[in-house]
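# Tertiary structure, described
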Amino acid sequence: MPPAPPDLFRPADRPGGEGGRTIDAARPWPDSGDVAALLAGGWRPRPFRTFVLKIHSRCDLACDYCYVYSGPDRSWRDRPRMMSAAVAAQAAARIAEHATGHGLRRVQVVLHGGEPLLCPPGHMATLVREIRAAVRAPVRASVTVQTNGVRLDETYLRLFKDLGVGVGVSLDGPAPVHDGRRRTAAGRGSHAPVAAALRRLGGTAYRPLFSGLLCTIDVRADPLTVYRELLRHAPPVVDFLLPHANWSAPPPGDDGRGTPYADWLTAIFEEWYGAAPRPTSIRLFDEIIHLLLGGHAGTEGLGLTPVGVAVVETDGTIEQTDALKSVHDGAARTGLHVARDPFDTALLVPGIAARQIGAAALAPGCRACPVGRVCGGGHYAHRYREGTGFANPSVYCRDLYRLIGHIRTRVSGDIAALRAPGA
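Predicted, not measured: the structure shown is a model, and the values here were computed from it.

Bringing the nonpolar core into the picture now. Among the nonpolar cores identified, the biggest contains 93 residues, and Leu-111, Leu-152, Phe-160, Leu-201, Phe-240 and Phe-285 are the most heavily contacted of them. The element best represented in this core is helix H8 (residues 260-274), accounting for eight residues. Residues in contact with Leu-152, not counting those within four places in the same chain, are Leu-117, Leu-157, Phe-160, Val-167, Val-169, Ala-197, Arg-200 and Leu-201. Core analysis: the second largest hydrophobic core is formed by 19 residues, Trp-29, Ala-353, Ala-354 and Ile-357 among them.

Below, the structure written as structure tokens:
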């Protein structure tokens, strides 16, 4: 991709940022970025390859870290509870249009919420069939569902097997940890039904559907206890997620001085990295190692690879990543809708363009950082500070620096040993 022209879309800093320059507080970066100037200078966006369909806008859990229902963005209140078949058909047609127009051979469609299994099985089948009907050869649509697992029974598993839908489940650790955070509105824990669902999913009949476990980090919990509980379900992949936080709403358990999240993850890394064979893929660690060895990122929280994710809400509105709902009301908004707007138009939204221009989107300190190419400034939502927008390092900067440094030391030591004479 051609480099972004100098200073046309680069974050400008003011006190609280890094460079001391003044920005317009009414239009904090990247809203003040000039996409037209980028295009005139030769930059071209990368197509979307992942489409997150919010098929249900409500949830049957009240997790204490939820950024949707307890966050600053309240737009979910005004949206339909379920995505209609008509909206799904419009979204699917736009996905097919986008893939065909850019010569893509494969796209990923993620059924998400809220909690997607609040959709009745019959309606779920209708939505998936609308996607399959629109996205046809030579384009292949890989469809997965991300669920809290509470409703994942035989009916849904048979349906997903028939439709060829992969299943990812959220699990935060053993019962005391999981139930302390992922509870129903009435305060009941959810670990027991989720564990039962994972036993079904991990069985012979449905194991091929299992796409992985998602775990949001709680630094109060013992990391190895959490990790070993996840391994008990033999997941093919584990995603450890940093809680969505930013400079105006700091992470839980972080006093601003230490590296609690790096310390927590490093303990798991050591056990995982030293295992032979390794029992699962841990996406965060695999991505860091891949980037340290010169590869490109495959996840939005690391590296400088252009991010290609679009979100479609239950009413058909096109939005940026829903993690931005943790930042402020309207942060994910684009003003676009699948009934009238192609996804190509969304690629030119300043917030989306900012996540496709690599190092030019980073704060000055990040561009100069020795691990900046690996960290990539961290997750975009974690860079926000009121008044400066996203023109900042990640609020997890210290943690990322320490974790990446630790992994680099371990991997480079192994590489050096392999290259040693007689190795």
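Now that the structure has been shown, we can carry on.
Bringing the sheet that holds strand E4 (residues 165-170) into the picture now. Read from one edge of the open sheet, 10 strands run E7-E6-E5-E4-E3-E2-E1-E8-E9-E10, paired in mixed fashion. The outermost strands of the open sheet, each flanked by one partner alone, are strand E7 (281-282) and strand E10 (333-337). Pairing analysis gives four bridges linking strand E1 (residues 50-54) to strand E8 (residues 309-312), with the strands arranged parallel. Within E8, the position partnered with Leu-53 by the bridge is Val-312.

This paragraph deals with the pattern of salt bridges. Tallied over the entire structure, the rule returns 21 salt bridges. Here Asp-322 ties to Lys-54 by a salt bridge, and the two come within 2.3 Å at their closest N and O atoms. A residue pair is termed long-range when its members are at least 10 positions apart, and Asp-322 in the loop between strand E9 (317-319) and E10 and Lys-54 in strand E1 qualify at 268 residues. Taken individually, Asp-322 and Lys-54 each receive the classification buried, so the pair is uniform in this respect. With its nearest N and O atoms 3.9 Å apart, the salt bridge here joins Arg-158 to Glu-154. With Arg-158 and Glu-154 both in helix H4 (residues 154-163), this residue pair falls four residues apart, about one helical turn. Note on Arg-158: relative accessible area 44%, which makes it partly exposed. A network of salt bridges, in which partner residues are shared, links Arg-79, Glu-313, Asp-315, Glu-319 and Lys-325.

On to the confidence of the model for the chain. Averaged over every residue, the pLDDT of the chain is 91; residues scoring 70 or more account for 93%. The low-confidence segment residues 1-8, where pLDDT is below 50, has 18 contacts with residues more than four positions distant or belonging to other chains. Predicted confidence for residues 12-25 stays below pLDDT 50, and this span has 32 contacts to residues more than four positions away or in other chains.

Most of E4 is tucked away, with six of its six residues classed as buried. Judged by which residues are buried, E4 turns out to be covered on both faces: Val-165, Val-167 and Val-169 on one side and Gly-166, Gly-168 and Ser-170 on the other are all buried. The pairing of strand E3 (residues 140-147) with E4 spans five bridges and is classified as parallel. Looking at the pairing, Thr-144 lines up with Gly-166 of E4. Considered for its hand, the β-α-β crossover made up of E3, H4 and E4 is right-handed.

Glancing now at the packing of aromatic side chains. Per the stated rule, a full pass over the model turns up 14 aromatic pairs. On the basis of an interplanar angle of 80 degrees and a centroid distance of 5.7 Å, the ring pair of Phe-240 and Trp-264 is categorised as edge-to-face. In this pair, Phe-240 sits in strand E6 (residues 237-241) while Trp-264 sits in helix H8, placing the two residues 24 residues apart along the sequence. You'll find Phe-240 and Trp-264 in the same group, each marked buried. When the centroid spacing of 5.9 Å and the interplanar angle of 45 degrees are considered together, the rings of Phe-269 and Trp-272 count as tilted. Placement of the pair is Phe-269 and Trp-272 together in helix H8, with a separation of three residues, close to one helical turn. In this pair, the class of Phe-269 matches that of Trp-272, namely buried.

The rules we used
- Residues numbered from 1 in each chain as written.
- Predicted model: local features only at pLDDT ≥ 70, side-chain atom pairs only at ≥ 80, totals over all residues.
- Heavy atoms only, no water.
- Core = buried A, V, L, I, M, F, W, Y, C linked by side-chain atoms within 4.5 Å.
- Buried < 20%, exposed > 50% of the residue type's maximum accessible area, 1.4 Å probe, protein only.
- Helix = DSSP H or I, 4+ residues; strand = E, 2+ residues; numbered from the N terminus.
- Contact = heavy atoms within 4.5 Å.
- Pairing = 2+ DSSP bridges.
- Salt bridge = Lys/Arg side-chain N within 4 Å of Asp/Glu carboxyl O.
- pLDDT = per-residue confidence, 0-100.
- Right-handed = clockwise from strand over helix to strand, strands pointing away.
- Phe/Tyr/Trp six-rings, centres within 6.5 Å; stacked < 30°, edge-to-face > 60°.

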